[in-house]
Amino acid sequence: MKTIERIAELRAACETARHGGQTVGLVPTMGYFHEGHRSLMRAARAADGLVVVTIFVNPLQFGAHEDLDGYPRDLAGDTAAAEAEGVDALFTPSQAEMYPEPTRTTVHVDGLTADLCGAARPTHFDGVTTVVAKLFSIVGPCTAYFGRKDAQQLAVVRRMAADLNLPVDIAACPLVREPDGLAMSSRNAYLSAEERRAATVLSSALRTAADAVGAGERDRVAITRLIEATVATEPLVALEYGEVCRGTDLAVVDPIDGEMLIAVAAQVGRTRLIDNVTITIAGAEVTTDLGVTTQESEL
Ligand code: AMP
(Lines give C-alpha, C1' and ligand atoms only; values in the text may rest on other atoms or scores of the structure.)
Protein backbone atom coordinates (compact mmCIF):
# COMPACT_ATOMS: atom_id res chain seq x y z
CA MET A 1 0.00 0.00 0.00
CA LYS A 2 1.18 3.46 -0.91
CA THR A 3 0.49 6.46 1.30
CA ILE A 4 -0.03 9.53 -0.89
CA GLU A 5 -0.14 13.11 0.34
CA ARG A 6 -0.23 15.03 -2.93
CA ILE A 7 -3.27 15.52 -5.15
CA ALA A 8 -1.25 15.27 -8.38
CA GLU A 9 0.20 11.92 -7.34
CA LEU A 10 -3.20 10.43 -6.49
CA ARG A 11 -4.70 11.73 -9.75
CA ALA A 12 -1.85 10.16 -11.72
CA ALA A 13 -2.18 6.81 -9.92
CA CYS A 14 -5.92 6.68 -10.72
CA GLU A 15 -5.37 7.61 -14.36
CA THR A 16 -2.66 4.99 -14.75
CA ALA A 17 -4.94 2.33 -13.26
CA ARG A 18 -7.80 3.20 -15.60
CA HIS A 19 -5.47 3.26 -18.63
CA GLY A 20 -4.41 -0.24 -17.62
CA GLY A 21 -8.05 -1.33 -17.68
CA GLN A 22 -8.63 -1.30 -13.93
CA THR A 23 -11.66 0.16 -12.18
CA VAL A 24 -11.10 2.50 -9.27
CA GLY A 25 -12.90 2.20 -5.92
CA LEU A 26 -12.92 5.22 -3.61
CA VAL A 27 -13.68 5.20 0.13
CA PRO A 28 -13.76 8.75 1.57
CA THR A 29 -13.33 8.92 5.36
CA MET A 30 -12.20 11.07 8.25
CA GLY A 31 -10.09 8.21 9.65
CA TYR A 32 -10.00 6.55 13.09
CA PHE A 33 -11.11 3.36 11.42
CA HIS A 34 -13.58 0.90 12.86
CA GLU A 35 -15.38 -2.06 11.36
CA GLY A 36 -17.81 0.27 9.50
CA HIS A 37 -14.95 1.85 7.55
CA ARG A 38 -13.32 -1.51 7.01
CA SER A 39 -16.53 -2.96 5.54
CA LEU A 40 -16.46 -0.21 2.89
CA MET A 41 -12.84 -1.05 2.10
CA ARG A 42 -13.75 -4.74 1.72
CA ALA A 43 -16.64 -3.88 -0.62
CA ALA A 44 -14.27 -1.83 -2.77
CA ARG A 45 -11.56 -4.51 -2.64
CA ALA A 46 -14.05 -7.15 -3.83
CA ALA A 47 -15.18 -5.05 -6.80
CA ASP A 48 -12.39 -2.78 -7.99
CA GLY A 49 -8.84 -2.96 -9.32
CA LEU A 50 -7.38 0.07 -7.55
CA VAL A 51 -8.74 0.77 -4.06
CA VAL A 52 -8.22 4.30 -2.77
CA VAL A 53 -9.07 5.24 0.82
CA THR A 54 -8.90 8.90 1.80
CA ILE A 55 -8.44 10.28 5.31
CA PHE A 56 -9.18 13.96 5.65
CA VAL A 57 -10.75 15.63 8.67
CA ASN A 58 -12.46 18.29 6.62
CA PRO A 59 -12.72 21.59 8.52
CA LEU A 60 -15.44 22.82 6.16
CA GLN A 61 -17.96 20.33 7.50
CA PHE A 62 -17.51 21.24 11.17
CA GLY A 63 -19.50 24.07 12.74
CA ALA A 64 -17.74 26.76 14.78
CA HIS A 65 -18.37 25.03 18.12
CA GLU A 66 -18.01 21.44 16.96
CA ASP A 67 -15.27 18.88 17.58
CA LEU A 68 -12.80 19.60 14.73
CA ASP A 69 -9.77 19.97 17.00
CA GLY A 70 -10.62 17.03 19.24
CA TYR A 71 -11.69 14.68 16.43
CA PRO A 72 -9.94 11.33 17.10
CA ARG A 73 -6.95 10.53 14.91
CA ASP A 74 -4.69 7.49 14.64
CA LEU A 75 -2.73 7.44 11.41
CA ALA A 76 -0.53 4.51 12.44
CA GLY A 77 -3.53 2.34 13.38
CA ASP A 78 -5.43 3.43 10.26
CA THR A 79 -2.46 2.63 8.03
CA ALA A 80 -2.22 -0.89 9.50
CA ALA A 81 -5.99 -1.43 9.11
CA ALA A 82 -6.06 -0.23 5.49
CA GLU A 83 -3.05 -2.38 4.68
CA ALA A 84 -4.78 -5.41 6.23
CA GLU A 85 -7.84 -4.79 4.03
CA GLY A 86 -5.71 -4.80 0.88
CA VAL A 87 -6.08 -1.10 0.13
CA ASP A 88 -3.74 0.11 -2.64
CA ALA A 89 -3.52 3.82 -1.90
CA LEU A 90 -4.14 5.74 1.32
CA PHE A 91 -4.59 9.43 0.57
CA THR A 92 -3.77 11.61 3.58
CA PRO A 93 -3.62 15.19 2.32
CA SER A 94 -2.85 18.13 4.57
CA GLN A 95 -5.29 21.00 4.94
CA ALA A 96 -2.95 23.14 2.85
CA GLU A 97 -3.01 20.53 0.07
CA MET A 98 -6.82 20.41 -0.01
CA TYR A 99 -7.42 24.10 0.64
CA PRO A 100 -4.33 26.08 -0.40
CA GLU A 101 -6.59 29.12 -0.27
CA PRO A 102 -9.89 29.58 1.54
CA THR A 103 -12.37 28.07 -0.92
CA ARG A 104 -14.67 30.52 -2.65
CA THR A 105 -16.48 27.68 -4.36
CA THR A 106 -18.83 25.40 -2.47
CA VAL A 107 -21.34 22.79 -3.55
CA HIS A 108 -24.82 23.13 -2.06
CA VAL A 109 -27.53 20.52 -2.51
CA ASP A 110 -30.80 22.30 -1.95
CA GLY A 111 -33.69 20.87 0.06
CA LEU A 112 -32.15 17.57 1.14
CA THR A 113 -29.79 19.40 3.47
CA ALA A 114 -32.37 21.55 5.30
CA ASP A 115 -33.88 19.06 7.74
CA LEU A 116 -32.75 16.18 9.97
CA CYS A 117 -29.03 16.84 10.70
CA GLY A 118 -29.13 19.97 8.52
CA ALA A 119 -31.40 21.71 11.04
CA ALA A 120 -28.79 21.59 13.82
CA ARG A 121 -25.77 21.68 11.49
CA PRO A 122 -26.70 24.24 8.81
CA THR A 123 -23.26 24.38 7.13
CA HIS A 124 -22.33 20.71 7.54
CA PHE A 125 -23.58 19.25 4.26
CA ASP A 126 -22.12 22.04 2.14
CA GLY A 127 -18.78 21.10 3.69
CA VAL A 128 -19.35 17.45 2.89
CA THR A 129 -20.47 17.97 -0.71
CA THR A 130 -17.65 20.42 -1.38
CA VAL A 131 -14.93 18.05 -0.19
CA VAL A 132 -16.54 15.00 -1.79
CA ALA A 133 -16.83 16.87 -5.12
CA LYS A 134 -13.12 17.71 -4.83
CA LEU A 135 -12.26 14.05 -4.14
CA PHE A 136 -14.41 12.92 -7.09
CA SER A 137 -12.60 15.45 -9.29
CA ILE A 138 -9.17 14.27 -8.11
CA VAL A 139 -9.89 10.53 -8.37
CA GLY A 140 -11.96 10.70 -11.57
CA PRO A 141 -14.33 7.98 -12.83
CA CYS A 142 -14.81 5.46 -10.05
CA THR A 143 -17.24 3.77 -7.71
CA ALA A 144 -17.43 5.60 -4.39
CA TYR A 145 -18.47 3.64 -1.31
CA PHE A 146 -20.57 5.27 1.41
CA GLY A 147 -22.08 3.77 4.57
CA ARG A 148 -25.80 3.77 5.31
CA LYS A 149 -24.87 4.95 8.81
CA ASP A 150 -24.87 8.48 7.35
CA ALA A 151 -28.14 8.07 5.48
CA GLN A 152 -28.74 11.77 4.84
CA GLN A 153 -25.17 12.19 3.60
CA LEU A 154 -25.72 9.28 1.22
CA ALA A 155 -28.91 10.83 -0.19
CA VAL A 156 -27.20 14.23 -0.54
CA VAL A 157 -24.08 12.85 -2.25
CA ARG A 158 -26.17 10.72 -4.62
CA ARG A 159 -28.18 13.78 -5.61
CA MET A 160 -25.04 15.88 -6.11
CA ALA A 161 -23.49 13.21 -8.36
CA ALA A 162 -26.70 12.96 -10.40
CA ASP A 163 -27.31 16.72 -10.68
CA LEU A 164 -23.71 17.45 -11.74
CA ASN A 165 -23.31 14.36 -13.99
CA LEU A 166 -20.23 13.35 -12.05
CA PRO A 167 -18.63 10.18 -13.47
CA VAL A 168 -18.97 8.35 -10.17
CA ASP A 169 -21.23 5.45 -9.20
CA ILE A 170 -22.33 5.70 -5.59
CA ALA A 171 -22.41 2.36 -3.75
CA ALA A 172 -24.34 2.19 -0.46
CA CYS A 173 -22.98 -0.22 2.15
CA PRO A 174 -24.75 -1.65 5.24
CA LEU A 175 -24.67 0.13 8.60
CA VAL A 176 -22.34 -1.78 10.95
CA ARG A 177 -23.25 -2.11 14.65
CA GLU A 178 -21.46 -3.08 17.83
CA PRO A 179 -22.62 -6.39 19.36
CA ASP A 180 -25.04 -4.49 21.65
CA GLY A 181 -26.61 -2.61 18.74
CA LEU A 182 -24.83 0.76 18.99
CA ALA A 183 -24.00 2.07 15.51
CA MET A 184 -20.23 2.14 15.08
CA SER A 185 -18.79 5.64 14.94
CA SER A 186 -15.39 7.21 15.46
CA ARG A 187 -17.17 9.52 17.91
CA ASN A 188 -18.09 6.58 20.19
CA ALA A 189 -14.53 7.00 21.51
CA TYR A 190 -15.70 10.17 23.28
CA LEU A 191 -18.27 8.31 25.42
CA SER A 192 -17.71 7.56 29.11
CA ALA A 193 -18.58 4.03 30.24
CA GLU A 194 -21.94 5.24 31.52
CA GLU A 195 -22.72 7.19 28.36
CA ARG A 196 -21.65 4.22 26.24
CA ARG A 197 -24.20 2.02 28.04
CA ALA A 198 -26.92 4.68 27.78
CA ALA A 199 -26.30 5.22 24.04
CA THR A 200 -27.79 1.83 23.20
CA VAL A 201 -31.24 3.36 23.75
CA LEU A 202 -30.96 4.85 20.24
CA SER A 203 -30.85 1.52 18.43
CA SER A 204 -33.50 0.19 20.85
CA ALA A 205 -35.76 3.12 19.92
CA LEU A 206 -35.26 2.42 16.21
CA ARG A 207 -36.01 -1.25 16.73
CA THR A 208 -39.16 -0.37 18.69
CA ALA A 209 -40.26 1.97 15.91
CA ALA A 210 -39.56 -0.63 13.21
CA ASP A 211 -41.48 -3.26 15.21
CA ALA A 212 -44.46 -0.91 15.42
CA VAL A 213 -44.40 -0.47 11.63
CA GLY A 214 -44.16 -4.25 11.30
CA ALA A 215 -47.28 -4.49 13.50
CA GLY A 216 -49.18 -2.13 11.19
CA GLU A 217 -48.42 1.40 12.41
CA ARG A 218 -48.34 3.81 9.44
CA ASP A 219 -48.83 7.15 11.20
CA ARG A 220 -45.66 9.23 10.99
CA VAL A 221 -46.26 11.24 14.14
CA ALA A 222 -47.14 8.14 16.17
CA ILE A 223 -43.78 6.62 15.22
CA THR A 224 -41.99 9.83 16.13
CA ARG A 225 -43.72 9.83 19.53
CA LEU A 226 -42.70 6.23 20.12
CA ILE A 227 -39.05 7.12 19.49
CA GLU A 228 -39.30 10.12 21.81
CA ALA A 229 -40.88 8.01 24.58
CA THR A 230 -38.24 5.30 24.28
CA VAL A 231 -35.29 7.70 24.32
CA ALA A 232 -36.85 9.61 27.25
CA THR A 233 -36.38 6.50 29.42
CA GLU A 234 -32.64 7.20 29.35
CA PRO A 235 -31.78 10.44 31.18
CA LEU A 236 -28.24 10.61 29.79
CA VAL A 237 -29.52 10.82 26.21
CA ALA A 238 -31.12 14.00 24.83
CA LEU A 239 -32.94 13.35 21.57
CA GLU A 240 -32.31 16.00 18.91
CA TYR A 241 -34.75 14.49 16.43
CA GLY A 242 -36.52 11.26 15.66
CA GLU A 243 -37.92 11.43 12.15
CA VAL A 244 -39.50 9.28 9.49
CA CYS A 245 -39.04 10.20 5.83
CA ARG A 246 -38.58 8.68 2.38
CA GLY A 247 -35.14 7.13 2.04
CA THR A 248 -34.28 8.45 -1.41
CA ASP A 249 -35.21 12.14 -1.24
CA LEU A 250 -35.94 12.49 2.50
CA ALA A 251 -39.45 13.74 1.71
CA VAL A 252 -42.13 13.59 4.40
CA VAL A 253 -44.69 10.89 3.58
CA ASP A 254 -47.78 10.43 5.75
CA PRO A 255 -49.07 7.77 6.09
CA ILE A 256 -45.70 6.16 5.56
CA ASP A 257 -45.27 3.85 2.57
CA GLY A 258 -42.51 2.44 0.35
CA GLU A 259 -38.85 2.73 1.34
CA MET A 260 -38.72 4.79 4.52
CA LEU A 261 -35.87 5.97 6.67
CA ILE A 262 -36.34 6.22 10.42
CA ALA A 263 -33.50 8.42 11.64
CA VAL A 264 -32.40 9.72 15.03
CA ALA A 265 -29.80 12.15 16.31
CA ALA A 266 -29.06 12.66 19.98
CA GLN A 267 -26.67 14.28 22.35
CA VAL A 268 -25.08 11.83 24.78
CA GLY A 269 -23.15 14.02 27.19
CA ARG A 270 -21.04 16.14 24.85
CA THR A 271 -21.13 13.61 22.02
CA ARG A 272 -23.58 13.86 19.14
CA LEU A 273 -24.62 10.48 17.75
CA ILE A 274 -26.81 9.50 14.79
CA ASP A 275 -28.45 6.23 13.80
CA ASN A 276 -31.14 4.96 11.46
CA VAL A 277 -33.07 2.01 10.14
CA THR A 278 -34.54 1.49 6.67
CA ILE A 279 -37.97 -0.10 6.41
CA THR A 280 -39.65 -1.06 3.19
CA ILE A 281 -43.43 -1.17 3.23
CA ALA A 282 -45.34 -2.90 0.45
CA GLY A 283 -48.94 -3.23 1.62
CA ALA A 284 -48.94 -5.41 4.74
CA GLU A 285 -45.42 -6.64 3.94
CA VAL A 286 -42.68 -4.84 5.91
CA THR A 287 -38.95 -5.54 5.68
CA THR A 288 -36.56 -3.98 8.15
CA ASP A 289 -32.88 -3.27 7.47
CA LEU A 290 -31.03 -2.47 10.69
CA GLY A 291 -27.68 -3.19 9.03
CA VAL A 292 -25.22 -5.78 10.29
CA THR A 293 -24.19 -6.47 13.86
CA THR A 294 -20.63 -7.56 14.52
CA GLN A 295 -19.99 -10.43 16.92
CA GLU A 296 -17.53 -9.97 19.80
CA SER A 297 -15.19 -12.43 18.10
CA GLU A 298 -14.88 -10.27 14.97
CA LEU A 299 -13.68 -7.19 16.84
P1 AMP B 1 -16.48 9.06 8.60
O2 AMP B 1 -15.04 8.68 8.74
O3 AMP B 1 -17.25 8.99 9.88
O4 AMP B 1 -16.68 10.34 7.83
O5 AMP B 1 -17.15 7.93 7.69
C6 AMP B 1 -16.58 7.56 6.47
C7 AMP B 1 -17.51 6.60 5.77
O8 AMP B 1 -17.70 5.45 6.60
C9 AMP B 1 -18.89 7.16 5.48
O10 AMP B 1 -19.36 6.71 4.21
C11 AMP B 1 -19.73 6.59 6.59
O12 AMP B 1 -21.09 6.45 6.26
C13 AMP B 1 -19.09 5.23 6.76
N14 AMP B 1 -19.39 4.71 8.08
C15 AMP B 1 -19.12 5.29 9.29
N16 AMP B 1 -19.62 4.54 10.28
C17 AMP B 1 -20.22 3.46 9.71
C18 AMP B 1 -20.94 2.32 10.19
N19 AMP B 1 -21.14 2.14 11.49
N20 AMP B 1 -21.41 1.44 9.30
C21 AMP B 1 -21.21 1.62 7.97
N22 AMP B 1 -20.56 2.67 7.44
C23 AMP B 1 -20.07 3.57 8.29
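Residues numbered from 1 in each chain as written. Predicted model: local features only at pLDDT ≥ 70, side-chain atom pairs only at ≥ 80, totals over all residues. Heavy atoms only, no water.

Axis separation between helix α6 (residues 124-139) and helix α7 (residues 151-163) bottoms out at 10 Å; the angle between their running directions is 50 degrees. In this view, α6 runs oblique relative to α7, as classed from their interaxial angle. Every pair of crossing elements has a handedness; the one defined by α6 and α7 is right-handed. Contacts from F125, V128, T129, V132, A133 and F136 of α6 reach α7 at Q152, Q153, V156, V157 and M160. Broken down by class, the residue content of the contact of α6 with α7 amounts to 8 nonpolar, 3 polar and no charged. (Axes fitted to C-alpha atoms, helices over the stretch in contact; angles between N-to-C directions. Helix = DSSP H or I, 4+ residues; strand = E, 2+ residues; numbered from the N terminus. Parallel < 35°, antiparallel > 145°, perpendicular 65-115°, else oblique. Left-handed = near helix turned anticlockwise from the far one by under 90°. Contact = heavy atoms within 4.5 Å. Nonpolar A, V, L, I, M, F, W, Y, C, P; charged D, E, K, R; others polar.)

A few words on the pairing of strand β10 (residues 271-282). Judged by how many residues are buried, β10 sits mostly within the fold: 10 of 12 residues are covered. Strand direction decides the pairing type here: strand β9 (residues 258-268) and β10, joined by 11 bridges, are antiparallel. Note on β10: the bridge partner recorded for E259 is T280. With antiparallel pairing between neighbouring strands as the criterion, β9 and β10 make up a hairpin whose turn holds 2 residues, including G269 at a positive phi of roughly 60 degrees. With 5 bridges connecting them, β10 and strand β11 (residues 285-289) associate as antiparallel partners. (Buried < 20%, exposed > 50% of the residue type's maximum accessible area, 1.4 Å probe, protein only. Pairing = 2+ DSSP bridges.)

Within this structure, the stated rule accounts for 3 aromatic pairs. A centroid spacing of 6.0 Å and a plane angle of 45 degrees characterise the contact between F56 and Y99, whose relative ring orientation is tilted. Of this pair, F56 sits in the loop between β3 (50-55) and α3 (75-84) while Y99 sits in the loop between α4 (95-98) and α5 (117-120), and the two are 43 residues apart along the sequence. The exposure classification of F56 matches that of Y99, with both residues buried. (Phe/Tyr/Trp six-rings, centres within 6.5 Å; stacked < 30°, edge-to-face > 60°.)

Per the domain assignment, the segments of the protein are domain 1 (2-173) and domain 2 (186-298). Distance from the C-alpha centre of domain 1 to the C-alpha centre of domain 2: 25 Å. With 21 residues of domain 1 in contact, the opposing surface of domain 2 contributes 18 residues. Considering only the surface of domain 1 that becomes buried against domain 2, L116, C117 and K149 emerge as the three largest contributors, covering 31% of it. With its nearest N and O atoms 2.8 Å apart, the salt bridge here joins R187 to D67. (Domains from an automatic or database assignment. Buried area = accessible area lost by both parts, 1.4 Å probe. Salt bridge = Lys/Arg side-chain N within 4 Å of Asp/Glu carboxyl O.)

Right, let's get into the sheet that holds strand β1 (residues 2-4). The strand order across the open sheet built from 6 strands is β1-β4-β3-β2-β5-β6, with neighbouring strands paired in parallel fashion. With one partner strand each, in any of the chains shown, β1 and β6 (168-173) form the two edges of the open sheet. Sheet twist, expressed as the average angle between the axes of neighbouring strands with direction ignored, equals 25 degrees. Bridge count between β1 and strand β4 (residues 89-91): 3 bridges; the pairing is parallel. Its bridge partner lying in β4, T3 is registered against L90. Lying over the sheet, helix α2 (residues 35-47) contacts β2 (24-29), β3, β5 (142-147) and β6, oriented at roughly 155 degrees with respect to β5.

What follows deals with the nonpolar core. Residues M98, F136 and I170 are the most contacted members of the largest nonpolar core, which totals 47 residues. Among the elements that take part in this core, α6 stands out by supplying 9 residues, more than any other. Residues lining this core come from more than one domain, with at least three contributed by each of domain 1 (2-173) and domain 2 (186-298). Aside from chain neighbours lying at most four places away, what touches M98 is I7, F56, F91, P93, V131, K134, L135 and I138. One finds A198, L202, V264 and A266 within the second-largest nonpolar core, a separate group that totals 28 residues. (Core = buried A, V, L, I, M, F, W, Y, C linked by side-chain atoms within 4.5 Å.)

What follows is about the pattern of salt bridges. Following the criterion strictly, the structure yields 16 salt bridges and no others. E35 serves as the salt-bridge partner of R42, at 2.3 Å between the closest nitrogen and oxygen. Residue R42 is classed as partly exposed on the basis of its relative accessible area, which comes to 35%. The shortest N-O distance in the salt bridge between D88 and R45 comes to 2.9 Å. Taken together, the positions of D88 in the loop between α3 and β4 and R45 in helix α2 put the pair 43 residues apart, joining distant regions of the chain.

Further remarks concern the site of the ligand. Near the ligand, the surroundings consist of 18 residues, among which M30, H37, D150, V176 and M184 are the closest. G147 is positioned with one of its backbone polar atoms (N or O) 3.0 Å from an oxygen atom of the ligand. A distance of 2.7 Å is found between an oxygen atom of the ligand and a side-chain nitrogen or oxygen belonging to D150. The fraction of the free accessible surface of the ligand (480 Å²) that becomes covered by protein chains is 93%. Here the residues of the shell around the ligand are counted per class, giving 9 nonpolar, 7 polar and 2 charged. (Near = heavy atom within 4 Å. Polar contact = N/O pair within 3.5 Å; in protein donor to acceptor, adjacent residues only side chain to side chain. Areas by Shrake-Rupley, 256 points an atom, 1.4 Å probe, with all protein chains shown as cover.)

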